[in-house]
Amino acid sequence: MKYENACDVLPEELLKEIQKYAAGKLLYIPSGEEKRAWGEASGYRDQLQRRNLMIRNKYAHGVTVSELADDYFISLDSIKKIIYSKKNDRHLTYSPTIESAVQYANVGMIEIWIQCYLMLTRKAAPILHDFMNEDHLYFGVVKFPLRLIQRDGIESGEDHVDEDEDPVAALPPLLIQYAEGKFYCTVQKELMGALKQRKVNAYSTIIVLKGNNDYKRFMKYYGTVLFFVEKV
């Protein structure tokens, strides 16, 4: 590598500032691109991390190694390496609870939590498309006033979750869809009924927005008034 005199490269004011910290020292100044890890620029590394996290979550919830190999079109050995890898994916462990959802949201992976919840806990793969789509946006986990949710088909009753057996901290967040200015609960009506029975006014919620127009409308009226849940 060719070395150059800083006097010939740097502006005088900048050179004086550097001399305060490293006068007489030999410095190496890396280019901005060199700081990026492999695959970071293209997003491929992030895609692999998300895929591997889903594989580990599915395996932990009963999906076999051979089934995973078929689903992801990779070898049995590759699946085993992913499952038993010592890398911990930022300590993320899926569970159908508010605490788990908050952990995923805090690292920008809330859509992975939603996918795990619908596939592994609700067993609701047929409706996955309604919540997981390229044009969908996600807002949350936030404390949300339940009075704003449309109550069609939602009733409280004795067949809902028992308050003593399931404290709120052990329950999942609500998945609420926002469309054309209204909020809808389509897959957790029994949970909504339980919250209504307990007279809960505000509850931890993930808002699913189905496009840019809905996002703009939502942010205009609600984006600055809802509080994010940081811990349970």
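See the structure shown above.
Residues numbered from 1 in each chain as written. Predicted model: local features only at pLDDT ≥ 70, side-chain atom pairs only at ≥ 80, totals over all residues. Heavy atoms only, no water.

As for helix 9 (residues 189–197)
Within helix 9, the full set of buried residues consists of Leu 191, Met 192, Gly 193, Ala 194 and Leu 195. If you follow the buried residues of helix 9, they end up packed against strand 2 (174–179) and strand 4 (202–209). One or two residues past the end of helix 9 sits Lys 199, with phi positive at roughly 60 degrees. (Buried < 20%, exposed > 50% of the residue type's maximum accessible area, 1.4 Å probe, protein only. Helix = DSSP H or I, 4+ residues; strand = E, 2+ residues; numbered from the N terminus. Contact = heavy atoms within 4.5 Å.)

Looking at the packing of aromatic side chains
Each aromatic ring pair is summarised here by two numbers: the centre-to-centre distance and the angle between the ring planes. Here the structure, examined in full by the defined rule, presents 12 aromatic pairs. Ring centres 4.7 Å apart and planes at 45 degrees place the aromatic pair Tyr 178 and Phe 183 in the tilted group. Judged by relative accessible area, which is 1%, Tyr 178 ranks as buried. Phe 183 gets classed as buried once you look at its relative accessible area, which sits at 1%. Among the aromatic residues, ring-to-ring pairing joins Phe 139, Phe 144, Tyr 178, Phe 183, Phe 218, Tyr 222 and Phe 228 into one connected group. (Phe/Tyr/Trp six-rings, centres within 6.5 Å; stacked < 30°, edge-to-face > 60°.)

Describing the environment of Ser 100
Of note, Ser 100 is situated in helix 6 (residues 98–106). Each C-alpha atom, one on Ser 100 and one on Pro 172, is 8.6 Å from the other, the two residues being 72 residues apart in sequence. Ignoring any residue separated from it by four or fewer positions in sequence, one finds Ser 100 in contact with Thr 93, Tyr 94, Ser 95 and Trp 113.

A look at the sheet that holds strand 5 (residues 227–228)
The strand order across the open sheet formed by 5 strands is 3-2-4-1-5, and the pairing between neighbours is mixed. The sheet is open, and its two borders are formed by strand 3 (182–184) and strand 5, each paired with just one other strand. Bridge analysis of strand 1 (residues 137–145) against strand 4 gives 7 bridges, and the strand direction is antiparallel. Looking across to strand 4, one finds that Leu 137 is bridged to Leu 209. (Pairing = 2+ DSSP bridges.)

Some words on the nonpolar core
The tendency in soluble globular proteins is for nonpolar side chains to be buried as a group. Trp 113, Ile 114, Ile 149, Leu 174, Phe 183, Ile 207 and Phe 218 are the most contacted members of the largest nonpolar core, which totals 46 residues. Looking at this core, the elements that each hand over two or more residues are helix 3 (44–60), helix 6, helix 7 (110–121), helix 8 (128–131), strand 1, strand 2, helix 9 and strand 4. In terms of residues, this core owes the most to one element, helix 7, which gives 8 residues. When near neighbours in sequence (up to four residues on either side) are disregarded, Ile 149 contacts Phe 144, Leu 174, Ile 176, Phe 183, Tyr 184, Cys 185 and Met 192. Core analysis: the second largest hydrophobic core is formed by 8 residues, Leu 68, Ile 79, Ile 82 and Ile 83 among them. (Core = buried A, V, L, I, M, F, W, Y, C linked by side-chain atoms within 4.5 Å.)

Side note on the packing of helix 6 against helix 7
Between helix 6 and helix 7, the least distance of the axes is 7 Å, while the angle of their chain directions is 145 degrees. Facing Ser 100, Ala 101, Tyr 104 and Ala 105 of helix 6, the residues of helix 7 in contact are Ile 110, Ile 112 and Trp 113. Partitioned by chemical class, the residues of the contact of helix 6 with helix 7 number 6 nonpolar, 1 polar and no charged. (Axes fitted to C-alpha atoms, helices over the stretch in contact; angles between N-to-C directions. Nonpolar A, V, L, I, M, F, W, Y, C, P; charged D, E, K, R; others polar.)

Some words on helix 5 (residues 76–83)
Burial in helix 5 covers these residues: Ile 79, Ile 82 and Ile 83. The buried side chains of helix 5 occupy one side of the element, clustering within an arc of 95 degrees when seen end-on. In helix 5, the exposed residues that point more than 90 degrees away from the buried face are Asp 77 and Lys 81. Contacts from the buried residues of helix 5 go to helix 3 and helix 4 (65–72). (Arc of directions from axis to C-beta.)

Concerning the pattern of salt bridges
As enumerated under the stated definition, the model contains 3 salt bridges in all. A salt bridge links Asp 46 to Arg 50; the shortest N-O distance between them is 2.8 Å. You can see Asp 46 and its partner Arg 50 sitting in helix 3, 4 residues apart, about one turn around the helix. Assessed through its relative accessible area of 30%, Asp 46 is described here as partly exposed. Given the relative accessible area of 19%, Arg 50 is considered buried. What emerges from the salt-bridge pattern is a single network uniting Asp 46, Arg 50 and Glu 111. (Salt bridge = Lys/Arg side-chain N within 4 Å of Asp/Glu carboxyl O.)

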